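Geometric and topological summary
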Amino acid sequence: MKTTKSTGRILQTLCVISIACALMLSACSGTAATAKEGDTVKVLYIGTYDNGSVFDSSELNGGDPLEFTIGGGNVIAGFEQAVIGMSKNESKNVHVSSNEAYGPYYDYMITTINWSSFEEGYVPEIGEQVYMQSSAGQVYQGVVLNTSEEGVTVDFNHPLAGMDLNFEITLVEIIPAE
């Protein structure tokens, strides 16, 4: 009798252990949350040109992760698409074509603005950033390329227009859409 009770307890203990292991395995094999449209995410990133030089990073911007809502239009399309499907703590490298970044470089975005549009006595420097406001109130940022008797030649293309970009992205947090 004693052997039967002992064997019963052993079997009961093994059964409990088996159930516990099965529960732990099912919890571990569940799919991790992945970033999707509508989620707010936080990422660490390094942006480089094709030659490897860094043009931007979360470290250069204070070290804090970049936070944005997927589908909110606050980051370039190629960067946003790269984050979709990533899991927390996942890292990836992605090449983003200029069309999925800041778009192509357009020659028509370079224009000469008459001196009368500037304050009297203003002497712009080559490479200086200027802000111009349209008659509709839209503000445009440009870079001074040249000055002449006609006026100031300004490039209103985004500084990264026409460039393919590379990003090393690490997803550090997903805040699910509600």
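Below is a summary of the structure that appears in this document. (Residues numbered from 1 in each chain as written. Predicted model: local features only at pLDDT ≥ 70, side-chain atom pairs only at ≥ 80, totals over all residues. Heavy atoms only, no water.)

A short note on the nonpolar core
Counting residues in hydrophobic clusters, the biggest one holds 22 residues, and the most contacted among them are Val41, Phe79, Val83, Phe167 and Ile169. When contributions to this core are tallied by element, the ones reaching two or more residues are β1 (40–48), α2 (77–83), β4 (91–96) and β9 (165–175). Residue contributions to this core peak at five residues, all from β9. Those residues in contact with valine 41, other than ones at most four positions away along the chain, are Ala35, Leu66, Glu67, Phe68, Ile70, Val83, Leu171, Glu173 and Ile174. Ile113, Val130, Val144 and Phe156 belong to the second-largest nonpolar core, a separate cluster that totals eight residues. (Core = buried A, V, L, I, M, F, W, Y, C linked by side-chain atoms within 4.5 Å. Buried < 20%, exposed > 50% of the residue type's maximum accessible area, 1.4 Å probe, protein only. Helix = DSSP H or I, 4+ residues; strand = E, 2+ residues; numbered from the N terminus. Contact = heavy atoms within 4.5 Å.)

Here we look at the pairing of strand β2 (residues 54–57)
Bridging between β1 and β2 involves three bridges; their strand directions are antiparallel. The partner of isoleucine 46 across the bridge, within β2, is serine 57. Where β1 folds back on β2, the antiparallel hairpin that results is connected by five residues, among which glycine 52 adopts a positive phi of roughly 95°. (Pairing = 2+ DSSP bridges.)

A short note on the side chain of aspartate 39
Here aspartate 39 lies in the loop between α1 (2–28) and β1. The buried category is assigned to aspartate 39, whose relative accessible area is 1%. Polar contacts involving the side chain of aspartate 39 include one to the main-chain amide nitrogen of alanine 177, which spans 2.9 Å. When sequence neighbours within four positions are dropped, the list of residues in contact with aspartate 39 reads Thr34, Phe68, Thr69, Ile70, Ile174, Ile175, Pro176 and Ala177. (Polar contact = N/O pair within 3.5 Å; in protein donor to acceptor, adjacent residues only side chain to side chain.)

Observations regarding the pattern of salt bridges
Side chains that differ in sign of charge can pair as their charged atoms come close. Evaluated as defined, the whole model comprises three salt bridges. Where salt bridges share partners, they join Lys42, Glu67 and Glu173 into one cluster. (Salt bridge = Lys/Arg side-chain N within 4 Å of Asp/Glu carboxyl O.)

Here we look at the sheet that holds strand β5 (residues 110–114)
Overall, antiparallel pairing links the four strands, which are arranged β5-β8-β7-β6 in an open sheet. Each edge of the sheet is formed by a strand with only one pairing partner; in this case those strands are β5 and β6 (129–133). On average, each strand axis in the sheet is tilted by 45° relative to the strand beside it, whichever way the strands run. The pairing of β6 with strand β7 (residues 139–147) spans five bridges and is antiparallel. The residue of β7 that forms the bridge with glutamine 129 is valine 143. (Axes fitted to C-alpha atoms, helices over the stretch in contact; angles between N-to-C directions.)

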